Amino acid sequence: MVAAGSVPGAEPERSVIQIMTFSQQPVWDAPWRFEPVRRSGGSGFVIKGKRIMTNAHVVSWGKEVVVRRYQDPRPYIARVKFIAHDCDLALLEVEDESFFNGLDPLRFGDLPKVRSTVITYGYPAGGEQISYTRGVVSRIELQTYVHSGNRSFLTVQTDAAINPGNSGGPVLQDDFVVGVAFQGAPGLENTGFFIPPPVIEHFLKDTEDGRYGGFPMAGVRLVPLQNPAYRGYLKLPDNNLGARVDSLLPIPATERLIQPDDVLLRVGKYEVGSDGTVVYEGNRVSASAAFQTAQRNEELPLRIWRQGKEIDVALPMNVYSGDRNVGNQYDVLPRYFVYAGLVFTPLSLDYMRTLGQGWRDGANAELTFELYYRRGESPQTTRPEPIVLCSTLAHPVNANFKITRHALVDKINGLRIDKMEDVVRAFESATNTHHIIEFAPNNAFETLNRADAVAMQAEILKTYGVPKDRRL
Amino acid sequence: MRIRLFYWLAACLALAPASGLAREMTKKAGFDWERTIVSVEINRKQYDYFQPWSKRVQTVVKTGIVIGPREILTTADSMDDRTLVRVQRGGRGKWSNADVKWIDFPANLAVVTSAEEQFWSGLKPVPLAEPVKKGQDIQVLRWRAGNLEVRKAEFNRFAVTHPNMSDAVHVQLELNSEINGVGWAEPAIAGNKVIGLVFAQSGNLLQVLPSPFIRSILDAQKKGHYKGLGYFDFTWQPAENPETLDYLKLTGEKRGAVVIDVPQKPGFESVVKPLDILLQVDGFDIDTQGDYVDPDYGHLLLENLSTRNKWAGDPVRLKIWRDGRAQDVVYRLPKAEDAARLVPEAPFDQEPEYLIAGGLVFQPLTKDFLRSWGQDWERRAPFRLAYFRNQDPKPERPAIVILSQVMPDLYNIGYQDSRQLVIEKVNGQKINYLADVQQALKKPVSGFQIFEFMKGDTLQRIVLDAATLDAATKRVLEHYGIDKDHFFAATGKSATAGRAGGLN
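Residues numbered from 1 in each chain as written. Chains lettered and ligands numbered in written order. Predicted model: local features only at pLDDT ≥ 70, side-chain atom pairs only at ≥ 80, totals over all residues.

A word on the overall build of chain B
Alright, step 1. Looking only at helices and strands, one finds 11 helices and 28 strands in chain B.
Alright, step 2. In terms of C-alpha radius of gyration, chain B reaches 26 Å, essentially the compact-globule figure of 23 Å for 504 residues.
Alright, step 3. C-alpha extents for chain B along the principal axes are approximately 80 × 70 × 40 Å.
Alright, step 4. By residue count, 46% of the 504 residues in chain B fall in the buried class.
Alright, step 5. Sequence separation of 24 or more characterises 63% of the internal contacts of chain B that already satisfy a separation of 6 or more. (Helix = DSSP H or I, 4+ residues; strand = E, 2+ residues; numbered from the N terminus. Rg over C-alpha atoms; globule rule 2.2 N^0.38 Å. Buried ≥ 20, exposed ≤ 12 C-beta atoms within 10 Å, placed from the backbone. Contact = placed C-beta atoms within 7 Å.)

A few points about the sheet that holds strand β4 (residues 62-68) of chain A
Residues and elements named next belong to chain A.
Alright, step 1. With respect to topology, 6 strands assemble into a closed barrel ordered β1-β2-β3-β6-β5-β4, the strand pairing being antiparallel. Pairwise comparison of adjacent strand axes, ignoring direction, gives a mean angle of 40° for this sheet.
Alright, step 2. Pairing of strand β2 (residues 38-47) with strand β3 (residues 51-54) involves 3 bridges; the strand directions are antiparallel. Note on β3: the bridge partner recorded for valine 46 is isoleucine 52. (Pairing = 2+ DSSP bridges. Axes fitted to C-alpha atoms, helices over the stretch in contact; angles between N-to-C directions.)

A short note on the environment of glutamine 391 of chain B
Alright, step 1. On the secondary structure map, glutamine 391 of chain B appears in the loop between α8 (383-387) and β23 (401-406).
Alright, step 2. Once the C-alpha coordinates of glutamine 391 of chain B and isoleucine 72 of chain B are considered, the two residues, 319 residues apart in sequence, prove to be 39 Å apart.

Observations regarding the domain arrangement of chain B
Residues and elements named next belong to chain B.
Alright, step 1. The domain boundaries assigned to chain B delineate domain 1 (4-222), domain 2 (235-337) and domain 3 (354-500).
Alright, step 2. Computed over C-alpha atoms, the centres of domain 1 and domain 2 are 34 Å apart.
Alright, step 3. On the domain 2 side, the residues contacting the 13 residues of domain 1 number 13 residues.
Alright, step 4. Looking at the side of domain 1 that touches domain 2, the elements that each hand over two or more residues are β8 (147-161), β9 (170-177) and α4 (211-222).
Alright, step 5. Tallying contributions element by element places α4 first for the side of domain 1 that touches domain 2, with 3 residues.
Alright, step 6. Residue composition of the side of domain 1 that touches domain 2, by class: 9 nonpolar, 3 polar and 1 charged. (Domains from an automatic or database assignment. Nonpolar A, V, L, I, M, F, W, Y, C, P; charged D, E, K, R; others polar.)

Topic: the sheet that holds strand β11 (residues 193-202) of chain B
All names here are of chain B.
Alright, step 1. Taken together, the 6 strands give a closed barrel; going around it, the order is β7-β8-β9-β12-β11-β10, and neighbouring strands pair in antiparallel fashion. Here the average twist between neighbouring strands, direction ignored, is 45°.
Alright, step 2. Summarising the sheet, β9 and strand β12 (residues 205-210) pair through 4 bridges and their orientation is antiparallel. The partner of asparagine 176 across the bridge, within β12, is leucine 205.
Alright, step 3. Across the sheet, α4 is in contact with β9, β11 and β12; its angle to β12 comes to roughly 30°.

A short note on the pairing of strand β14 (residues 257-261) of chain B
All names here are of chain B.
Alright, step 1. In the sheet, strand β13 (residues 235-238) pairs with β14 via 4 bridges, with the strands oriented antiparallel. Of the residues in β14, the one forming a bridge with threonine 235 is aspartate 261.
Alright, step 2. Two strands pair when backbone bridges link them, and β14 and strand β15 (residues 277-281) are joined in this way by 2 bridges, in the antiparallel orientation. Its bridge partner lying in β15, valine 258 is registered against isoleucine 277.

A look at the pairing of β11 of chain B
Residues and elements named next belong to chain B.
Alright, step 1. Of all 10 residues in β11, 8 are buried, a share of seventy percent or more.
Alright, step 2. Taking the residues that link successive antiparallel strands as the turn, the strand β10 (residues 186-190)-β11 hairpin has 2 residues, and the phi of glycine 191 there is positive, at about 65°.
Alright, step 3. With 6 bridges connecting them, β11 and β12 associate as antiparallel partners. Note that in β12 the partner of glutamine 201 across the bridge is leucine 206.
Alright, step 4. Between β11 and β12, which pair antiparallel one after the other, the connecting turn spans 2 residues, and glycine 203 there sits at a positive phi close to 60°.

Quick look at the confidence of the model for chain A
Any residue range with low pLDDT should be treated as having predicted coordinates unsuitable for detailed reading.
Alright, step 1. When the pLDDT values of chain A are averaged, the result is 94; 98% of them are 70 or greater.
Alright, step 2. Taken as a whole, residues 1-9 of chain A scores under 50 in pLDDT and shows 23 contacts with residues more than four places along the chain or in a different chain. (pLDDT = per-residue confidence, 0-100.)

Topic: helix α9 (residues 434-441) of chain B
Residues and elements named next belong to chain B.
Alright, step 1. Within α9, 6 of the 8 residues are buried, which leaves it mostly tucked inside the rest of the structure.
Alright, step 2. Among the residues making up α9, those that are buried are Leu434, Ala435, Asp436, Val437, Ala440 and Leu441.
Alright, step 3. Tucked inside the fold, the buried residues of α9 contact β21 (354-357), β22 (360-364), β23, β24 (421-426), β25 (429-430) and β26 (448-453).

Points about the domain arrangement of chain A
All names here are of chain A.
Alright, step 1. When cut into domains, chain A gives domain 1 (1-212), domain 2 (220-316) and domain 3 (334-471).
Alright, step 2. Placing the centre of domain 1 and that of domain 3 at their C-alpha centroids yields a distance of 39 Å.
Alright, step 3. Taken together, the contact between domain 1 and domain 3 spans 6 residues of the former and 12 residues of the latter.
Alright, step 4. When the residues that make up the side of domain 1 that touches domain 3 are grouped by side-chain class, the tally is 5 nonpolar, no polar and 1 charged.

Overview of the interface of chain A and chain B
Alright, step 1. Listed by partner, the interface residues are 32 residues for chain A and 32 residues for chain B.
Alright, step 2. Elements represented by at least two residues in the side of chain A that touches chain B include exactly α3 (228-233), β14 (243-248), α7 (365-372), α8 (374-377), β26 (434-439) and β27 (445-449) of chain A.
Alright, step 3. If one sorts the elements of the side of chain A that touches chain B by residue count, β27 of chain A sits on top with 5 residues.
Alright, step 4. Across the side of chain A that touches chain B, the residue classes break down as 14 nonpolar, 12 polar and 6 charged.

This is the structure:
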């Protein structure tokens, strides 16, 4: 619980903030360029310490964030103090601290009970004034947070309407904040989701050291252990306790302390069921919720069944970033290098989206495999940062290329390309008459005359308005 | 390809064309086509690869043309797993029993005959034409509701493409026509000759096996020279980038295509190597796009020289540029049917293989299995399984067996949702073929059957009880009405082993 100074029973809407964000995203296949400035609206609320809590997606890629108080026409400029793209939360500060005069910070409550009533406050689309909706807590479980796209956390589902613009607004119960409204489910009616207090508290605690590090991950793939034969094989009693570790992510501490076929009996204070769930404040949810109680750099006590015996392990919990390129990325501009009109950039989900809706189609199967499957199947051949030739700025020096885009770079001048710096080094340290760029997987290659490439570099950058040849 | 049946049936329901007009048009062409075009009905077993033990009956009606005494030419498409073939003359009336005299699936050609004497009375063979010339009037003919339908078609181009029945690549004629629902061996004619058989349709585009290609195979087959279609097993890229040819130190005019990949075959060294420039193939100059000038068809992809009057095992003379000089080498065409593929076509005329153990269903991964996701299978099939088609077989993985599904039973509880997983080992033994699974199950480990799947983001391991496996399998078969717990090819090993295991 985060204590704050407001008095339950006061008008909470006075502390609910309207947020307008003017944002600009990069063009992922022309990474020196930007998309047009976009205006979007969201909500937030005042918490203690003269800060505004909102969703990360409300202020991501923000060039300017404008906040307004309840029934006050004056705009104030805010800036992002902390942003958590994994759990879709952010804290804002306002340059003019008088903004907070007369505003009581809202106080956080506990995880609401299923079937209890909640009220959302916010500034959704469809009007200018604050809007309230009422609903019941429908269920509580882990859901994917669509802002990152590849992280799941505890989520509360409600039938209170949550619409675009509600994002970042508080969900209240008895005047205590029991959640931050953040997403809906396309195709489902009367279904909105909000981020509950355990996730919010984790975020706030993480920021206490002055930076946000993120939720740590154990890197354990847990599967149900319900077949009596498998339980017998592991010499485990045939009851409803214990889920099996099927495989591990390449996290050193995890690989050192945990093994496939370990059976997790307890994570922290939570007993693990044979279906891989725990009972979390009365709700049966994925055991991930128990792992997510730990902060980064903390040790999480685990009770494990291994080779017929119970053992206790203290697992160091660290943030895992190995899968960042398969999630949505924000606020960090994409890396690139332009050489002789050839544009190289890291392979990522954001880049793949530039290929259009059917980007998973056969034509891009190599890129899809590299992005999603190689890491799990063949860690020894996985590149830390796969690089693609994403486009070619046409010029006589490269005009005869047949391979001009969407191609995974294997080698340049014989050097295996594991990251963007390798591309730069391979071109800049070459001494042969020709540059040879090889593509995966079939050894297709293209050839550049090195002298021409060097001579034309500045001209090509100028012609296409590329301000710098690289962002590393 | 089989989806075309729907179109054909739909076409049957439509109104018949004006028969008088058709007769007039065909007579004008100077040939009585009604006496040479016949219908060929194929009744066949069709398999559901999601339930490989289940057979459906399919009836396909195609077109055939009389090409000689007691010989009807048609395509091989949908003639596998046939149970009864019949022929009909004049588009109506009695059907006569028929036999397949000769068939070659990679070439997509079949010759059908009938022992019924009266069927042949009055039928007249038609000659297969020389290559069609631009500007010729082209029509596509077929029997439709008892009348001969004649539809105009226009020459589009000759193209060298992969015809989808094997790794063989050959020239195809592309026509444009308003006709619907063709692709079942309807003859395309010009004057009084057949210029090809339509074997596929996509919108208004008809794909046609050109007569010279057909005739070369039929002639070779009659002379006993035909050994099946061959193919080039190496990969090349165009050399339109002159810097590439400079880098490879080619002197003189810019020409040729660059070899980029040659399959590794144990105990066999290819005469072609990566970075060779193909200057000539079979005496034809290769340009920087990888084309040669064909005397019959004009500019064609060099790939066509693997099937232009050459058959599997035949030598093809190559002039290559290597180490700064031109060299002559002789390349022997591998057989297309033996192409090493990690995901092979399922063998023709063979039931799908499967093995059920305790409700776990194992199947070899074949293209036919993937086609179970429909015409758009390359997009709709699970990505990881479909992606295997892009990968080459290797000694450590010459073929793939998958756990395709689990038939739920108390024995396998907890695994009911497991599906489409690549099986790596059973009881510690490596699995490449279905028969490997059967053998490995005979050697349980300490009373357990241990299944290990391919490393990745999906389930890695299943353990089941060994002592009760057979009883569980029996119970599953009874419960789900399945006759047999397995079907293996007659070779004793997985039939796909013969195709994919050789690494030729």
